[in-house]
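Each chain, letter by letter, is given below.
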Amino acid sequence: GAPSTEFKTTPPSKANATRDHQPNNCFAHTEVIEIPSITQVNDEELFDVASSIVLFNMALAYHLHCCTNPAKMENLSKNAMQLYQLSVQNNEGLYESPDDYCRSTSAFLSIAALNNMGHILHELGQYEESRLAFDQMNLCITSTGVEANEYYKD
């Protein structure tokens, strides 16, 4: 069957949800994104979305780990940045998809990845690059017509 047009995010486990395990400010997207059931991934666009979800979640793991290990931040953040960039690049062709699930999920993934890239760059003191990432995120929001409340349905 066709996948639902809604996707799920999962907050970090309660054991890891303390303030010490979160990025330094509350503006990073810290919830993993769940992949739809494998039986639902039956065409190329859905496979691309699932691949982007995996890349995003891998980047998020590095991102959250570097926030709790400041001594390793530079190396871990490079890995996170590369994976976020791959997730965004993989999504670019899906913004105009006729499939509601692919279109909304790819837009959300790109917005979350660009937001988190801006967060990492800011934490590294690369303020101009951070601003550019946030500008790209804003462009993605306006060009895809995304509304934040679309992604937090109960």
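Our structure's up above, just so we're on the same page.
Residues numbered from 1 in each chain as written. Predicted model: local features only at pLDDT ≥ 70, side-chain atom pairs only at ≥ 80, totals over all residues. Heavy atoms only, no water.

### Focus on the side chain of serine 130
Assignment of secondary structure puts serine 130 in helix H4 (residues 127–144). For serine 130, the residues in contact, after removing those within four places along its chain, are Gly118, Leu121 and His122. (Helix = DSSP H or I, 4+ residues; strand = E, 2+ residues; numbered from the N terminus. Contact = heavy atoms within 4.5 Å.)

### A closer look at the pattern of salt bridges
Enumeration according to the criterion identifies 3 salt bridges in this entry. Close ionic contact of arginine 131 with glutamate 128 constitutes a salt bridge, the shortest N to O distance being 2.4 Å. Of this pair, arginine 131 and glutamate 128 both sit in helix H4, 3 residues apart, roughly one helical turn. A residue is classified by how much of its surface remains accessible, and glutamate 128, at 44% relative accessible area, is partly exposed. (Salt bridge = Lys/Arg side-chain N within 4 Å of Asp/Glu carboxyl O. Buried < 20%, exposed > 50% of the residue type's maximum accessible area, 1.4 Å probe, protein only.)

### Structural notes on helix H3 (residues 100–123)
Between its first and last C-alpha, H3 extends 35 Å over 24 residues, near the 34 Å set by a 1.5 Å rise per residue. Burial analysis of H3 places 20 of its 24 residues in the buried class, the great majority of the element. Phi turns positive, to about 80°, at glycine 125, one or two residues after H3. (Expected span 1.5 Å × (residues − 1).)

### Concerning the packing of aromatic side chains
Aromatic ring pairs are defined here through the distance separating the ring centres and the angle between the ring planes. For the structure on display, the rule yields 1 aromatic pair. Geometrically, the ring pair formed by phenylalanine 56 and tyrosine 84 is tilted, given 5.6 Å between the ring centres and 55° between the ring planes. You can see phenylalanine 56 sitting in helix H1 (residues 44–68) and its partner tyrosine 84 sitting in helix H2 (residues 73–91), a full 28 residues away along the chain. Here tyrosine 84 falls in the buried class, since its relative accessible area comes to 0%. (Phe/Tyr/Trp six-rings, centres within 6.5 Å; stacked < 30°, edge-to-face > 60°.)

### Quick look at the packing of H1 against H2
Close contact between H1 and H2 brings their axes to 8 Å; oriented N to C, the two are set at 160°. By the angle class used here, H1 and H2 are roughly antiparallel. In this structure, the crossing between H1 and H2 has a hand that is left-handed. Taking contact as the criterion, the partners of Asp48, Ser51, Ser52, Leu55, Phe56, Met58, Ala59, Leu60, Tyr62, His63, His65 and Cys66 in H1 are, on H2, Met73, Leu76, Ser77, Asn79, Ala80, Leu83, Tyr84, Leu86, Ser87, Asn90 and Asn91. Per-class residue counts for the contact of H1 with H2 are 13 nonpolar, 9 polar and 1 charged. (Axes fitted to C-alpha atoms, helices over the stretch in contact; angles between N-to-C directions. Parallel < 35°, antiparallel > 145°, perpendicular 65-115°, else oblique. Left-handed = near helix turned anticlockwise from the far one by under 90°. Nonpolar A, V, L, I, M, F, W, Y, C, P; charged D, E, K, R; others polar.)

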